[in-house]
Structures are given as C-alpha cells and as structure tokens.
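Listed below, chain by chain, are the residues.
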Amino acid sequence: MMQRRTSRLALVGAGVFALALTACAPGANAGGGSESEPSAEANPWFDQAQFDLENERRSAQFEGDPAKPYLQYLAGDMVAAADYALDRPGKVCFANASLSNTWRQTGWITMNQQLQVLQEQGVVQVMETRDAQDSDDTQVADIDYFVNEGDCDGFIISPYSPDATTAAVERACETGKPVIVFDRAVSTDCVTSFVHSVGGMAWGIDVGEFIADQLEPGDKVVALRTAAGVDVFESRWAASQKIFDDAGIEYVDYLTGADPAEIKKAVTDEIAKGEIDAVWVDLGDQSVPAIEAFEDAGVDVPIVNGEDNMAYLRAWKERDLNGFGGVYSNFQWRTALLALTQLWQGQDIPKDWVVPQTPITSAELDAVLRVNDEMPDVHSTSFGGEDLPGFPDAWRERIIP
C-alpha cells in the first residue's frame, strides 16, 4: 500500500499497526511473566530528572493562542531567523522515519494539508519526501541523498532511531541550512529546532495518576506494552510504573506487539487468575481488544485507558466506560513544517519547541467526539487541522491528493 520515495499516499482503509519490534516478538511474555524491571527505580528507562521536568511541564503556561496549539510553545531560547530568511519559495526536504502506524499517517495528512496552504501563499515551492520505512540504514541514506543533492533550502527530519541517525543529521547541519527535527530527538545539539510535545514521561504520569487515584494499595493492573526497547513506549511505562510503585499497586505486564489476538489472550489469562482492577496500555490500538476480552468473558470492564484514536474514544462513549485518553500531540507534524517556513519568513522560533500535550478526560470526551464525528476509527483527534481547507474530507477519506 505504501511506496517508497513518494510524498503521495492513498490511505483508504489504513490502520494496521506495523511497528518493527526492537526486542521481543509479540507475546514473548504471554502467560503472566513480567518482562519489565520489578520496579521503576530498577528500570533503566526511568530518569528521575526527566520525570520531574515533564511533570512540571504538564501544567506549564504555554506562549501563544490556545486556539492554535500547534503554534504554542514554552518560553526559552529562540533561534534568530536572520540567517535563514528567503526572498523566494523554498524547497523542503523531509526525511521521514515511516508511515507505518495510524498516528504517523494522521500527522502526514495534516502536514500535507498545511503544505498546500504554504504553496498557495508562495512560501514553499515543493516538499520532497523520502520514506525510510522504519529502517535506520535507509533513513541515513535518505538524509545523505538530500545533502549531496544540494538543492534543499531546509531539512525536516523525523528520526527512526535517534542515535543511528545522529551522524547524518550532523551532515545536514553542516550545510548551513535550517534543520528541524520532530517527534524523537537525536543525540546532537546542532539542529536548528527540535519540535515535540511534552513527552513520554508526561504521558505516563497522566495515565498512571488517573488509574492510581481510583485504586487502593494491593489492587492489580494489567499492563499491555507494545514493544520493549522503543523509547516512546518505554518512557510511558517507566513513568506509570513509578506512580504505581508509590501507590502500592500491583501490576503484571505483557509484551503484545499490539496484536489483537495476543492482547485478548493476555487479558483472558489474567481474568482467569482473579480480579483485574485496571488495564494500562501504552498505545490506543490495544484498548478495544482488551475491552472485548472482558466482554467475551462476561465480566465487567474495569478502568481501561487509551489514546486519542477514534476507535477507543467511541468504545469509551458507547459502553459508558471509566476511560482516559493519553495524548502525544499529533499536530507536531504541522508545527515542524511551520517552524521551517517561519524561519524563511524572518520569524524567530523556539530552539526547543515544546507544544502542549493535553489528555482527554470524561469532561472533554463529548466535545472531541463531536468535532471528529465523521472521522474513521484510525484517526488521531489531536491532529490540529480543523482550520485547514481540507477539513474534514482529507482526514475522513485518508487520501493525500
């Protein structure tokens, strides 16, 4: 369905999660054995300083118009635009990690809708995109291709593996053209701006506190983890694990690969062992299969968190569940493109561009569903494109013209 080396993509019927696992195969610890460290303090992915920083940033005051969260940021060092201003439409060179999951596909649609506006305004001439399809080697080659081609007015890079792409990112920096990195960081400070939402620890704190606040010491959580060794997932679990440890909550975790069959097997096995007080997931795609496992077993559905994907939000509303949607702001795809073009237009931008990350609670659920009523189940509601000309058709039909 996806072709390499293209910025055109038909996404009708898309939605199968295809993240490449970096450690264990799906269901590697199915049967009840925990693959994580026995406590957050022993978990190598837990960083107290980062936990404290992101916890503080959850309630920080963001600069800018709240109606345009994709342009909001935390106060901090700014990048002077003087060296990057263009007096003509620029060429964007985008090295993308992949379009292999629904979060990335939604962001790609939003980015392209914003691109059309910038092209009509005469700010962007063209955006050439190369899709690494979740391959470090391919993404390094993609970045080097752009550098060697020599006609990029600026780079946007969404890294697959941050460390593996660092040297190539530094070669892009050496061109003197602006380099915008978003989603995952790289291990260099040469980038012009790093665009990201508050972070995985903040996500884990949001979800962990929602669950822990309703449980008692000794209550049990079943954690469904997508993959070991992937920072975006590991940081979420490490933060929630810390919350559960502090609250005296018991937990068992399963690596599922986001495979519905493995999810249902893990939950069914735990139901057979006794009462489950909550199910924690690190990816919204896992929520509905978990809910269905309880229904298939004929027992009440406990707390089950999810994300901002419509499949989970609809299940939450239709079944009147005790739910909560963690959010990793999808609109950062739009922010990354705007960051580059603002420099071309002579506007200073944040060096560390942190955008808001606002979870969905029961108070917001109806409003979120109303705005996204026509969207497919695979849609991420924090897409931030409601004011773009293609709304709602581009996201509803999941086709990029």
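Structure's up top.
Residues numbered from 1 in each chain as written. Predicted model: local features only at pLDDT ≥ 70, side-chain atom pairs only at ≥ 80, totals over all residues. Heavy atoms only, no water.

A. Inspection of the overall build of the chain at higher detail. Across its full length, the chain holds 12 helices and 12 strands. On C-alpha atoms alone, the chain measures out to a radius of gyration of 21 Å, which is about the 21 Å that the 2.2 N^0.38 rule sets for 401 residues. Seen along its three principal axes, the alpha-carbon backbone of the chain occupies a region of about 65 × 45 × 40 Å. Burial status across the chain gives 58% buried among its 401 residues. In the chain, 75% of the contacts between residues at least 6 apart in sequence involve partners at least 24 apart. (Helix = DSSP H or I, 4+ residues; strand = E, 2+ residues; numbered from the N terminus. Rg over C-alpha atoms; globule rule 2.2 N^0.38 Å. Buried < 20%, exposed > 50% of the residue type's maximum accessible area, 1.4 Å probe, protein only. Contact = heavy atoms within 4.5 Å.)

B. Up close: helix α11 (residues 362-371). When α11 is considered as a whole, its buried residues turn out to be Leu365, Val368 and Leu369. Take α11 and look down its axis: the buried residues cluster within an arc of 95 degrees, on one side only. In α11, those exposed residues whose orientation departs by more than 90 degrees from the buried face are Ala363 and Arg370. Those residues of α11 that are buried lie in contact with α9 (310-318). (Arc of directions from axis to C-beta.)

C. Broad picture of the pattern of salt bridges. All told, the structure shown has 27 salt bridges when counted by the stated rule. We note a salt bridge from Arg104 to Asp183, for which the minimum N-O separation is 3.0 Å. Taken together, the residues Arg104 in helix α2 (residues 102-120) and Asp183 in the loop between β5 (179-182) and β6 (193-197) connect sequence positions 79 residues apart. Residues Arg104 and Asp183 agree in their burial class; the two are buried. Lys317 serves as the salt-bridge partner of Asp366, at 2.9 Å between the closest nitrogen and oxygen. Here Asp366 is found in helix α11, whereas its partner Lys317 is found in helix α9, with 49 residues between them in sequence. (Salt bridge = Lys/Arg side-chain N within 4 Å of Asp/Glu carboxyl O.)

D. Layout of the packing of aromatic side chains. Counted by the stated rule, this structure contains 19 aromatic pairs. Ring geometry for Phe210 versus Phe324: centroids 4.8 Å apart, planes at 20 degrees, classification stacked. Residue Phe210 is located in helix α5 (residues 200-212), and its partner Phe324 is located in the loop between α9 and α10 (332-344); the two are separated by 114 residues in the primary sequence. When its relative accessible area of 6% is taken as the criterion, Phe324 is described as buried. Over the ring of Tyr145 we find Arg130, and its NZ or CZ is 3.7 Å from the ring centre. (Phe/Tyr/Trp six-rings, centres within 6.5 Å; stacked < 30°, edge-to-face > 60°. Lys NZ or Arg CZ within 6 Å of the ring centre and 35° of its normal.)

E. Here's a closer look at the sheet that holds strand β7 (residues 220-225). The four strands lie next to each other as β8-β7-β9-β10, forming an open sheet whose pairing is parallel. Looking along the sheet, the strands with just one partner apiece sit at the ends: β8 (250-255) and β10 (303-304). With two bridges joining them, strand β9 (residues 278-281) and β10 adopt parallel strand pairing. The residue bridging Ala278 from the neighbouring strand is Ile303, located in β10. Those strands touched by helix α8 (residues 287-297) are β7, β9 and β10, and its axis lies near 160 degrees from that of β9. (Pairing = 2+ DSSP bridges. Axes fitted to C-alpha atoms, helices over the stretch in contact; angles between N-to-C directions.)

F. Broad picture of the nonpolar core. In terms of nonpolar packing, the biggest core is built from 35 residues, with Leu224, Val267, Val279, Leu313, Trp316 and Trp395 touching the most fellow members. Discounting residues that sit within four places of it in the chain, Val267 has contacts with Leu224, Ile276, Ala290, Ala293 and Phe294. (Core = buried A, V, L, I, M, F, W, Y, C linked by side-chain atoms within 4.5 Å.)

G. Main features of the side chain of Asp253. Relative to the elements of secondary structure, Asp253 occurs in strand β8. On the accessibility criterion, Asp253 (0% relative accessible area) is buried. A distance of 2.7 Å separates polar atoms of two side chains, one belonging to Asp253 and the other to Arg225. (Polar contact = N/O pair within 3.5 Å; in protein donor to acceptor, adjacent residues only side chain to side chain.)

H. View of the pairing of strand β3 (residues 124-131). Among the eight residues of β3, six are classified as buried, and the element is accordingly described as predominantly covered. Pairing analysis gives seven bridges linking strand β2 (residues 90-96) to β3, with the strands arranged parallel. Residue Ala95 lies in a different strand from β3, and its bridge partner there is Arg130. Traced from β2 through α2 to β3, the parallel crossover comes out right-handed. (Right-handed = clockwise from strand over helix to strand, strands pointing away.)

I. Structural context of the state of the cysteines. All told, the structure shown has two disulfides when counted by the stated rule. Residue Cys93 pairs covalently with Cys152 via a disulfide, S to S 2.0 Å. The chirality of the disulfide connecting Cys93 with Cys152 is left-handed, given an S-S dihedral of about -95 degrees. Residue Cys93 is located in strand β2, and its partner Cys152 is located in the loop between α3 (136-149) and β4 (154-158); the two are separated by 59 residues in the primary sequence. Residue Cys93 is classed as buried on the basis of its relative accessible area of 0%. (Disulfide = S-S within 2.5 Å.)

J. Local environment of the pairing of β9. The side-chain alternation of β9 yields two buried faces, one formed by Ala278 and Trp280 and the other by Val279 and Val281. Where β7 and β9 come together, four bridges link them in parallel fashion. Looking at β9, one finds that Ala223 is bridged to Trp280. Taken together, β9, α8 and β10 form a β-α-β motif whose crossover is right-handed.

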